[in-house]
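# Architecture at a glance
Read off the chains here:
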Amino acid sequence: MNREELIEIVTSKLKLIRTEQQYTQDKMADMIGISKKTLVQIEKGRMQAGWTTTIAICSLFRDSEILTSTLGDDPLVLVQTIAFDSYATTKTRTLGGKIWWREIQREGDYILQQNVVSNHYRIINNDYFRVFSSFNIEDAMKRLTELS
């Protein structure tokens, strides 16, 4: 997944996210920092959200069931992975990959997995804490080797 694909997905789900959160168009537009007119244009499919708007939506609504189920992972982690090409953290506990993930390789106390929706990679430890995320398999394999 790249920036344009994420923008496209978030744009197509914006009205559902707003409805899920039970916000009016005025409230939603104010929260994400755009005009109501722009929000209406996006919701009607006449224009796409920009990268900054996409980041705001993913950040503010990272717990949205619609976003999570559509993207297969925490939306903010995907934004960070795309923005930084790779993303390392030890703060986020995961469910261990029971849904949305397939195991690629295990090395010591670490597991390399690939998301079946976005195709990005992550490394988690045996306690299911995310250690690393990337869209590049070579970077993920290198980091797995470094960790184990």
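I will try to describe carefully the structure that is included in this document. (Residues numbered from 1 in each chain as written. Predicted model: local features only at pLDDT ≥ 70, side-chain atom pairs only at ≥ 80, totals over all residues. Heavy atoms only, no water.)

### With respect to the overall build of the chain
The test is simple: Helix and strand definitions here come from DSSP, where helices need a minimum of 4 consecutive H or I residues and strands a minimum of 2 consecutive E residues; each element is numbered from the N-terminal end. Categorising residues by exposure relies on relative accessible area from a 1.4 Å probe, with only protein chains included: less than 20% of the type maximum marks a residue as buried, more than 50% marks it as exposed, and the intermediate range marks it as partly exposed. Working definition of accessibility: Shrake-Rupley area with a 1.4 Å probe, residue cover restricted to the visible protein chains.
Secondary structure assignment for the chain yields seven helices and five strands. Shown N-terminal to C-terminal, the secondary structure of the chain runs as helices and strands in the order α-α-α-α-α-α-β-β-β-β-β-α. Projected onto its principal axes, the C-alpha positions of the chain cover 55 × 25 × 20 Å. Within the chain, buried positions represent 45% of all 148 residues. Carbon and sulfur atoms make up 46% of the accessible area of the chain, which amounts to about 8000 Å² in all.

### Some words on the nonpolar core
Defined as follows: Definition of nonpolar core: a set of buried residues of the types Ala, Val, Leu, Ile, Met, Phe, Trp, Tyr and Cys, connected through side-chain atoms within 4.5 Å. Note on definitions: a residue-residue contact is assigned when non-hydrogen atoms from the two residues lie within 4.5 Å.
Grouped together as the largest cluster of nonpolar side chains are 24 residues, with contacts concentrated most on Leu6, Ile17, Ile32, Leu39, Ile57, Phe61 and Leu67. Of all the secondary structure elements, the ones that give two or more residues to this core are helix 1 (3-21), helix 2 (25-32), helix 3 (36-43), helix 4 (51-60), helix 5 (65-71) and helix 6 (75-84). Sort the elements by how many residues they give to this core and helix 1 lands first, with five residues. In this structure, Leu39 is in contact with Leu14, Arg18, Gln25, Met28, Ala29, Ile32 and Ile34, ignoring residues within four places of it in sequence.

### As for the packing of aromatic side chains
Rules: For Phe, Tyr and Trp, rings pair up if their centres lie within 6.5 Å, where Trp contributes its six-membered ring, and each pair is then called stacked (planes under 30 degrees apart), edge-to-face (over 60) or tilted (otherwise). Consider the ring centre and the ring normal. A charge sits over the ring if Lys NZ or Arg CZ is within 6 Å of that centre and within 35 degrees of that normal.
Following the criterion strictly, the structure yields one aromatic pair and no others. Its end group placed over the ring of Trp51, Arg3 keeps NZ or CZ at 4.4 Å from the ring centre. Over the ring of Trp101 we find Arg122; its NZ or CZ atom is 3.8 Å from the centre of that ring.

### So, the pattern of salt bridges
Selection criterion: Here a salt bridge means any side-chain nitrogen of Lys or Arg lying within 4 Å of a carboxyl oxygen belonging to Asp or Glu.
For the structure on display, the rule yields six salt bridges. Put simply, Asp26 and Lys36 hold a salt bridge, and the shortest N to O gap is 3.9 Å. With a gap of 10 residues between them, Asp26 in helix 2 and Lys36 in helix 3 connect regions that are remote in the sequence. Under the relative-accessibility criterion, Lys36 is labelled partly exposed at 38%.

### Points about the side chain of Ser64
The test is simple: Two N or O atoms form a polar contact when they lie within 3.5 Å of each other; inside protein one atom must be a possible hydrogen donor and the other a possible acceptor, and for residues adjacent in sequence the pair counts only when both atoms belong to side chains.
With respect to the helices and strands, Ser64 occurs in the loop between helix 4 and helix 5. Ser64 sits in the buried class, given a relative accessible area of 1%. Among the polar contacts listed, one links the side chain of Ser64 to the backbone nitrogen of Ile66, at a separation of 3.2 Å. Residue contacts for Ser64: discarding those within four places in its chain leaves Ile17, Glu20 and Gln21.

Bear in mind that shape data such as this cannot, by itself, settle questions of function.
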